[in-house]
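Tertiary structure, described
These are the residues of each chain, in order.
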Amino acid sequence: MASLEREAHERGDPIAIGLVTCTHNYKFVATLLLMCDVLPHLSRLSKLFQRKDVNLAHIEPMLNSTIDFMKRLEKERGSHLKCLNEVLNVDLRSFEIKCSEQDKSAFEEIRKKFLSGVVKHLEIRFPQNQILSALGVLDPKNMPEAGFVFYGEEEIETLATHFDYDNDELLSEWVQFRELMQSSFSELNLEDVVELVHVPKGEAVKESFPKMAKLLAITATLPVGTADCERGFSEMNKTKTDLRNRMKTQTLDQLMRISVEGPPRKEFDFVSAAKQ
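This text gives an overview of the structure that appears in the document. (Residues numbered from 1 in each chain as written. Predicted model: local features only at pLDDT ≥ 70, side-chain atom pairs only at ≥ 80, totals over all residues. Heavy atoms only, no water.)

What to know about the overall build of the protein
Put simply, the rule reads: Helix and strand definitions follow DSSP, with helices as H or I runs of at least four residues and strands as E runs of at least two, each counted in order from the N terminus. Partly exposed describes any residue whose relative accessible area lies between the buried limit of under 20% and the exposed limit of over 50%, with all areas from a 1.4 Å probe on protein chains only and scaled to the type maximum. Here, residues are in contact when the closest pair of their heavy atoms is within 4.5 Å.
On a plain count of helices and strands, the protein comes out with 15 helices and zero strands. Here the C-alpha coordinates of the protein stretch approximately 75 × 60 × 30 Å along the principal axes. Burial statistics for the protein: of 276 residues in total, 33% are counted as buried. Counting contacts in the protein only where the partners sit at least 6 residues apart, residues at least 24 apart contribute 72% of the total.

Following this line, the structure appears as structure tokens:
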């Protein structure tokens, strides 16, 4: 704010003058402190989905804790926003930011509406987070080291109800599949188990546990993580630059496939490729 004010007064920069007008007011400072309370929690939730190997069992507790925190912020101010008066009267005293009762009332209305909207959109975005969490029992990394006799049975019942499976049949498969996970798949993650069961070598497992195989296939198609999507956009920006803006879609598609799915450059045989 001090830098903007200096640019505005000393150099007469029109952009700085406009930004000074926008930032030197009660609503801007209060909103900034509100974001300091909100964004760390949303950021942690977002980072959970940015991982390539999203742990499904972590989604429900992380989502519920984030929603609960937003609801608490709706009822009472967070730690940063509670310091608003101190910030205005001490840290920003030289800027002489004025605030009226009308400004305070307007901000409170905006604050509650914003937080209510965040909660609403989180609940809309994940209407079936219990199902996602229940599918997390199929991940060997979530199995306890000991005392797993009844592990996952409640989640399996939830999945049986949701996907219209016979509860007893699914539970019967789970009891044995759970032992297989503990003895043979303990070092694997969920993605590895899905791949293992659905390749030709895994036909025996697939035939012995057909319903478990279907549940694993479902987890493989869930669009939970955003890592691959964001990585694709990043590669597209690297490939189609301003200097290559006339590149055709087919060429872009082929170059992105090579970049995303192809072998590393050090392992690629350029001589053989050139001969072909």
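Brief notes about helix 4 (residues 56-75)
Using the following cut-off: Expected span, for any helix, means 1.5 Å times one less than how many residues it has. Side-chain atoms alone can form a polar contact between residues adjacent in sequence; in general such a contact is a pair of N or O atoms within 3.5 Å, and within protein one must be able to donate a hydrogen while the other accepts it.
End to end, helix 4 covers 30 Å across 20 residues, agreeing with the expected 28 Å (1.5 Å per residue, within 8%). For helix 4, every residue scored as buried is listed here: Leu-56, Ile-59, Glu-60, Leu-63, Thr-66, Ile-67, Phe-69, Met-70 and Leu-73. Where the residues of helix 4 are buried, they touch helix 3 (26-50), helix 6 (101-125), helix 7 (129-135), helix 10 (190-197) and helix 12 (210-221). Put simply, Asn-55 is the residue that caps the front of helix 4, since its side-chain oxygen is 3.0 Å from the backbone nitrogen of Ala-57.

Considering the pattern of salt bridges
Threshold: One speaks of a salt bridge when a side-chain nitrogen belonging to Lys or Arg is within 4 Å of a carboxyl oxygen belonging to Asp or Glu.
Taken as a whole and judged by the stated rule, the model has eight salt bridges. One salt bridge connects Glu-123 with Lys-71, and the closest N-O pair in it is separated by 3.9 Å. Taken together, the residues Glu-123 in helix 6 and Lys-71 in helix 4 connect sequence positions 52 residues apart. Owing to a relative accessible area of 39%, Glu-123 belongs among the partly exposed residues under this scheme. Lys-71 gets classed as partly exposed once you look at its relative accessible area, which sits at 37%. Between Glu-235 and Lys-238 there is a salt bridge; the shortest N-O distance is 3.9 Å. Here the residue Glu-235 and the residue Lys-238 both occupy positions in helix 13 (residues 227-239), the gap between them amounting to three residues, near one helical turn. Among the residues examined, Glu-235 registers a relative accessible area of 16% and is labelled buried.

A few points about the packing of helix 3 against helix 6
To keep it simple, the criterion reads: Between N-to-C directions, angles cover 0 to 180 degrees, with each direction set by a line fitted to C-alpha atoms, over the stretch in contact for helices. Convention used here: angles under 35 degrees read as roughly parallel, angles over 145 as roughly antiparallel, angles from 65 to 115 as roughly perpendicular, and any remaining angle as oblique. Two helices that cross are described as forming a left-handed crossing if the nearer one is turned anticlockwise from the farther one by less than a right angle, and a right-handed crossing if clockwise.
Running from N to C, helix 3 and helix 6 point in directions that differ by 15°, and their axes come no closer than 10 Å. Classified by the interaxial angle, the pair formed by helix 3 and helix 6 is roughly parallel. The way helix 3 lies across helix 6 gives a crossing that is right-handed. Along the contact surface, helix 3 presents Tyr-26, Lys-27, Ala-30, Thr-31, Leu-34, Met-35, Val-38, Leu-42 and Leu-45, while helix 6 presents Asp-103, Lys-104, Phe-107, Ile-110, Arg-111, Phe-114, Leu-115, Val-118 and Leu-122.

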